[in-house]
Amino acid sequence: MMRHLNPGYPIMSARPESDDDDGLEAAVDQAISACGGNLRATIRALIVANEFLENEVSELMKAVAKAHSRGRFKTYSG
């Protein structure tokens, strides 16, 4: 589905719109509001937050791999 925020700037959506979008739209509004209505600042903040979370996941994956290699995790047999 394609939505237009401004003429000439189409935005592609990966999923169809639904009632669940209300929560997403509220979160978008909250993020924009937290950045004083500045869309560039909002995008910048979201990119920084995403990079932080990616680094956290990477560190956790390293810790799990290290613990697994040291035999601290048992294989699940069902």
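To be clear, the structure that these remarks concern was listed above.
Overview of the structure. (Residues numbered from 1 in each chain as written. Predicted model: local features only at pLDDT ≥ 70, side-chain atom pairs only at ≥ 80, totals over all residues. Heavy atoms only, no water.)

1. Focus on helix α2 (residues 39-69)
Between its first and last C-alpha, α2 extends 45 Å over 31 residues, near the 45 Å set by a 1.5 Å rise per residue. For α2, the complete set of buried residues consists of A41, T42 and A67. Contacts from the buried residues of α2 go to α1 (21-34). For α2, the N-terminal cap is N38; the gap from its side-chain oxygen to the backbone nitrogen of R40 is 2.9 Å. G71 occupies a position one or two residues after α2 and carries a positive phi of about 80°. (Helix = DSSP H or I, 4+ residues; strand = E, 2+ residues; numbered from the N terminus. Expected span 1.5 Å × (residues − 1). Buried < 20%, exposed > 50% of the residue type's maximum accessible area, 1.4 Å probe, protein only. Contact = heavy atoms within 4.5 Å. Polar contact = N/O pair within 3.5 Å; in protein donor to acceptor, adjacent residues only side chain to side chain.)

2. A short note on the pattern of salt bridges
Should their charged atoms come close, side chains of opposite charge can pair. Evaluated as defined, the whole model comprises 1 salt bridge. Measuring nitrogen to oxygen at the nearest pair gives 3.5 Å for the salt bridge that ties E59 to K62. With E59 and K62 both in helix α2 and 3 residues apart, the pair spans about one turn of that helix. Under the relative-accessibility criterion, E59 is labelled partly exposed at 48%. (Salt bridge = Lys/Arg side-chain N within 4 Å of Asp/Glu carboxyl O.)

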